[in-house]
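# Descriptive analysis of the structure
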Amino acid sequence: MKNNELLNAIDFLEKEKSIPREVLIETIEAALITAYKKNYNSASNVRVELNMDNGSYAVYSRKDVVEEVENPREQVSLERALETNPAYEVGDIFEENVTPSDFGRVSAQAAKQAVMQRLRDAERGILYNEFIDKEDDIMTGIIDRVDHRYVYVTLGKTEAVLSEAERSPNDVYRPTERIKVYVNKVEQTTKGPQIFVSRSHPGLLKRLFEQEVPEIFDGTVVVKSVAREAGDRSKISVHSENPDIDAVGACVGAKGARVGAVVDELGGEKIDIVEWSADPKTFVKNALSPSQVVDVLVNEENQSTTVIVPDYQLSLAIGKRGQNARLAAKLTGWKIDIKSETDAKEAGIYPVE
């Protein structure tokens, strides 16, 4: 690397990659010290001085000034030091220019490698900072390839991985197709940021509604909770402090257009949108939609409820393989025990006296 190339490289990294000049200089000087010791079989303590006016550098050996030399590599006699400068005293550090005549070729290569490494580090840092801000957010990428472990998704200048556990059963992954993914986790590694994405995370459902429903995006309607069994069924609770706004209606959209767009994106996954309530009786009743509920008995101490439903609604309330009840419990945070009216009366728990 020629001197002007070195200076230009430092200017570029400082301005374009926001790497402080002091850090770059320290990095290059450290690389030159390593190169000197490696190529000139030197174990002496040395420092390198980089001249930022012209890009030149010099190597200086550093030795302790002593009365009697015991280790020539680390020490120099006071007599020898005084020959250079009469101001030296015992205990001072004696420096001497030991730059080899052919150090230019070696140093240029070392400086180039150090600059390139810093550039790679900077690129990785920029990518990491970009994607760490995208954690828990939704991004659109392009499927690059699929193997037995991952679906590889290109997101801008980097690649994300979608593991089998994070896939939705409804999805078919074909290379070159565009796909919306939820950024689950971003890790910094020696090879750069590793980005893990998901198609099954509840957060994907929430972010999709934010994209489709302006009232959610601007905060007029708030998503309070999400329960999801990817590829099959999900429940989402919403609420608005404005009594004039129908939170559920806003999410459904005209003729179901808004929720329909989310359902299409998720490959036909069924979605129940329910009104959130601070009252557990009301919230649990809403969460068990589409089934009808006669009453909800609340046990605050155990965070549990017993839900009474009409006999003919029992299977609908519980759902296929218990799914409806399971999702309602996840959505509300309350344990839910569902009983038919007949069973509740026989158990003596309903009607409540």
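The written sequence of each chain sets the order in which its residues are numbered from 1. The model is predicted, so local features are restricted to residues of pLDDT at least 70 and side-chain atom pairs to those at 80 or more, both for listing and for counting; the totals for chains, interfaces and linings are taken over all residues. Processing note: side-chain calculations cover all non-hydrogen atoms of the structure and skip hydrogens and water entirely.

## Section: the overall build of the chain
Numbering goes from the N terminus for both helices and strands, where a helix is a DSSP run of H or I of at least four residues and a strand is a run of E of at least two. Along the backbone of the chain there are twelve helices and 15 strands. With the radius of gyration taken over C-alpha atoms, the globule rule is written as 2.2 Å times the number of residues to the power 0.38. For 353 residues, the compact-globule formula gives about 20 Å, and the C-alpha radius of gyration of the chain, at 34 Å, lies well above that figure. If one aligns the C-alpha atoms of the chain with their principal axes, the spans along those axes are about 110 × 45 × 45 Å.

## Examining the domain arrangement of the chain
Domain parsing of the chain yields domain 1 (3–131), domain 2 (136–197), domain 3 (201–276) and domain 4 (280–352). A C-alpha centroid distance of 23 Å is found between domain 3 and domain 4. Contact definition: two residues touch when any of their heavy atoms are within 4.5 Å. Contacts between the two partners involve 15 residues from domain 3, matched on the other side by 14 residues from domain 4. Note on terms: buried area is the combined drop in 1.4 Å-probe accessible area of two parts once they are placed together, counting the loss on both. Buried area between domain 3 and domain 4, both sides added, is near 1,100 Å², and the carbon and sulfur share of it is 56%. By definition here, a salt bridge exists when the distance from a side-chain nitrogen of Lys or Arg to a carboxyl oxygen of Asp or Glu is within 4 Å. On inspection of domain 3 and its partner domain 4, the count reaches two salt bridges. The partner of Arg-321 in a salt bridge is Asp-232, with the nearest N and O atoms 3.6 Å apart. As used throughout, domain bounds are those supplied by an automatic or database domain assignment.

## Examining the sheet that holds strand E15 (residues 335–340)
Taken in spatial order, the three strands line up as E13-E14-E15 in an open sheet, and their pairing is mixed. The open sheet terminates on both sides in strands that have one partner only, identified here as strand E13 (295–299) and E15. Between one strand axis and the next, the sheet turns by 20 degrees as a mean value, whatever way the strands run. Think of it this way: DSSP has to see at least two bridges between two strands before they count as a pair. In this structure, E13 lies alongside strand E14 (residues 304–309), joined through five bridges in antiparallel fashion. Opposite Val-296, over in E14, you have Val-307 as the bridge partner. Angles shown run from 0 to 180 degrees and are taken between the N-to-C directions of axes, each axis being a line fitted to C-alpha atoms and, for helices, limited to the stretch in contact.

## So, the pairing of strand E7 (residues 158–163)
Bridging between strand E6 (residues 150–155) and E7 involves six bridges; their strand directions are antiparallel. Bridge pairing links Tyr-150 to Ser-163 in E7. Here E6 folds back onto E7 in antiparallel fashion, the turn holding two residues, of which Gly-156 has a positive phi close to 65 degrees. Direction of pairing for E7 relative to strand E9 (residues 192–198): parallel, over a ladder of three bridges. Across the sheet, residue Val-161 finds its bridge partner in E9, namely Phe-196.

## Quick word on the layout of surface pockets
Cavities and pockets are found on a 1 Å grid laid over the protein atoms alone: a cavity is a set of points where a 1.4 Å probe fits but cannot escape, a pocket is an open set with protein on both sides within 12 Å along at least five of seven lines, and a lining residue has an atom within 4 Å of such a point. Grid points are joined across faces, edges and corners, and a volume is the space filled by probe spheres set on the points. By volume, the largest pocket is sized at about 170 Å³. Together, Ala-31, Thr-34, Ala-35, Lys-38, Asn-39, Arg-105, Val-106, Gln-109, Ala-110, Gln-113 and Ala-114 line the largest pocket. Looking at the lining of the largest pocket, the elements that each hand over two or more residues are helix H2 (21–39) and helix H4 (103–132). Ranked by the residues each element gives to the lining of the largest pocket, the list is headed by H4, at six residues. Residue classes in the lining of the largest pocket are distributed as five nonpolar, four polar and two charged. Under the scheme applied, nonpolar residues are Ala, Val, Leu, Ile, Met, Phe, Trp, Tyr, Cys and Pro; charged residues are Asp, Glu, Lys and Arg; polar residues are all the others, including Gly.

## Describing the side chain of Gln-323
You can see Gln-323 is positioned in helix H11 (residues 323–332). Residue burial is assigned from relative accessible area. The probe radius is 1.4 Å, only protein chains are included, and a residue is buried under 20% of its type maximum, exposed over 50%, and partly exposed in between. Classification of Gln-323 as buried rests on a relative accessible area of 7%. Once residues lying within four places of it in the same chain are set aside, the contact partners of Gln-323 are Glu-229, Asp-232, Arg-233 and Ile-318.

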